[in-house]
Protein chains: 2
Amino acid sequence: MTSQVWASSQEESAQSAAQPRWLDAEEQKAWRAWLNSSMLLADRLDRELTREAGIPHGYYEILVQLSETPGRMMRMSELADRCLSSRSRLSHAVSRLEERGWIRRQVCESDGRGQLAVLTDDGFEALEAAAPIHVEGVRTHLFDQLSPEQVAAMRDIGETLLRHLDATPAPQH
Amino acid sequence: MTSQVWASSQEESAQSAAQPRWLDAEEQKAWRAWLNSSMLLADRLDRELTREAGIPHGYYEILVQLSETPGRMMRMSELADRCLSSRSRLSHAVSRLEERGWIRRQVCESDGRGQLAVLTDDGFEALEAAAPIHVEGVRTHLFDQLSPEQVAAMRDIGETLLRHLDATPAPQH
DNA sequence: GCGGAATAGTCAAGCCCTCAACTACGCTGG
DNA sequence: CCAGCGTAGTTGAGGGCTTGACTATTCCGC
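Residues numbered from 1 in each chain as written. Chains lettered and ligands numbered in written order. Predicted model: local features only at pLDDT ≥ 70, side-chain atom pairs only at ≥ 80, totals over all residues. Heavy atoms only, no water.

(A) Expanded view of the protein's contact with DNA strand C. In the vicinity of DNA strand C, 21 residues are found, and the nearest of them are Ser77(A), Ser91(A), Arg105(A), Ser88(B) and Arg96(B). Looking at DNA strand C alone, sugar and phosphate atoms form 81% of those within 4 Å of the protein. In this structure, a phosphate oxygen belonging to DNA strand C sits 2.7 Å away from a side-chain N or O atom of Ser91(A). Ser88(B) places a polar side-chain atom, nitrogen or oxygen, 2.6 Å from a base nitrogen of DNA strand C. (Near = heavy atom within 4 Å. Polar contact = N/O pair within 3.5 Å; in protein donor to acceptor, adjacent residues only side chain to side chain.)

Structure below.
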């Protein structure tokens, strides 16, 4: 509580760059609770999945998206969007999954620039093996901890934030 | 919605490894809204801070923790815990902040094994410059979007999850 | 149909993080 | 008082991610 940089002029309520709209103590607690819990939960789930199934959560996400698609294939760009991933990152990740034999690339017939990522049978089996581990983690660390009201609020908050973030242009990806 | 791996035996409610407790459609939506919103928000704040202040959010976190401490210094381990960071990661990060002249290391007198990370005046100035940018991002992308009730619920959910995660032993860090 | 702009995807360099040693110091029991 | 163990922190190797440049293809206007 000593020498906080925002302890200067707390009584302001001006706009943006002029006078920062500092967070009060309650807001800080809310923000930290949200940030820390989301970081720790994501980290925990990723570690458990990596340890017990040998699949990092990011890779798991890719497999899930492909498995839910007709033909179990998808354009690289769309896959990147759905996985909240940059194209470069997805390209690297798919290369590594290709080495594991879980995905193969296929040129897109309707667009010569495009590539399709296709989930292989081996990839589907790997996903089937990993899914119970992941879902158990989400149950244990999330749904088992929250009341139905909290779950509803969590969804509501998440969707509210997503609407804003989707509508606001990020510098780039 | 095609060929989902968890479409097999939905009617079970047995325990853990035996029969997975799959998520129903509502739970999936809640989970994805929470996961995606927290990932996107963290990413957005990190990018804005990096772009406009030249400080990644992880480094900012370190500076904040030190600035709030009497003497603006802290043991490496405690700093790592507060930043939700591994010791190795913090050690690397402090080395890089040392190169920027924002932190210096100092041996701990009461424990010859220990090191203190000390925030320099330059580091404090860098934090002062970055803080308004960060707080404006948190306002814009979080608090401006949510009602007071949503903020209260967010904090409640976050604290509930943190209690569980802190109480549950993670394999290791 | 042709030239320029936009789009799809990949690649390389550099940074950051993780994992697993490793050093150094402190603590405790015999 | 020292052997062994636990703790604090660092380091290096290896791999993932980001940025920005690059190639290939398609779209669009004239």
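Still more ground to cover, so stick around.
(B) Just the protein's contact with DNA strand D, in detail. Lining the immediate environment of DNA strand D, one finds 21 residues, of which Ser88(A), Arg96(A), Gly112(A), Ser77(B) and Arg105(B) sit closest. Considering the 4 Å shell around the protein, atoms of DNA strand D inside it are sugar or phosphate in 75% of instances. The separation between a base oxygen of DNA strand D and a polar side-chain atom of Ser88(A) is 2.8 Å. Broken down by secondary-structure element, the contributors of at least two residues to the surface near DNA strand D are α4 (87-99) of chain A together with α3 (76-82) and α4 (87-99) of chain B. Tallied by class, the residues present in the surface near DNA strand D amount to two nonpolar, ten polar and nine charged. (Helix = DSSP H or I, 4+ residues; strand = E, 2+ residues; numbered from the N terminus. Nonpolar A, V, L, I, M, F, W, Y, C, P; charged D, E, K, R; others polar.)

(C) Focus on unusual backbone geometry. A positive phi angle is found at Leu84(A), which is not glycine, with a value near 55°. Structurally, Leu84(A) is set in the loop between α3 (76-82) and α4. In this structure, Arg72(B) is a non-glycine residue whose phi angle is positive, near 50°. Along the chain, Arg72(B) turns up in the loop between α2 (57-67) and β1 (73-75).

(D) Seen up close, the relation of the copies chain A and chain B. The transformation that overlays chain A on chain B combines an axial shift of 0.0 Å with a rotation of 180°, and the residual RMSD is 0.0 Å. Both chain copies can therefore be described as sitting about a two-fold axis. (Least-squares fit on C-alpha atoms with pLDDT ≥ 70 in both.)

(E) Geometry of the sheet that holds strand β2 (residues 103-107) of chain A. All names here are of chain A. Spatially, three strands are ordered β1-β3-β2 in an open sheet, and the strand pairing comes out antiparallel. Looking at strand neighbours, the two that pair on one side only are β1 (73-75) and β2, the edges of this open sheet. Strand-to-strand twist across the sheet, computed as the mean angle between neighbouring axes with direction ignored, equals 30°. The pairing of β2 with strand β3 (residues 115-119) spans five bridges and is antiparallel. Counterpart to Arg 105 in the pairing with β3 is Ala 117. Packing against the sheet, helix α2 (residues 57-67) makes contact with β1, β2 and β3, and its axis sits at approximately 95° to β3. (Pairing = 2+ DSSP bridges. Axes fitted to C-alpha atoms, helices over the stretch in contact; angles between N-to-C directions. Contact = heavy atoms within 4.5 Å.)

(F) Molecular detail of the packing of helix α6 (residues 148-167) of chain A against helix α1 (residues 25-53) of chain B. Between α6(A) and α1(B), the shortest axis-to-axis distance is 8 Å and the interhelical angle comes to 45°. Between α6(A) and α1(B), the angle falls in the class oblique. The hand of the α6(A)/α1(B) crossing is left-handed. Contact residues: α6(A) offers Val151(A), Met154(A), Arg155(A), Gly158(A), Glu159(A), Leu161(A), Leu162(A), Leu165(A) and Asp166(A), while α1(B) offers Glu26(B), Lys29(B), Ala30(B), Trp31(B), Ala33(B), Trp34(B), Asn36(B), Ser37(B), Leu40(B), Leu41(B) and Arg44(B). Class assignment for the residues of the contact of α6(A) with α1(B) results in eleven nonpolar, three polar and six charged. (Parallel < 35°, antiparallel > 145°, perpendicular 65-115°, else oblique. Left-handed = near helix turned anticlockwise from the far one by under 90°.)

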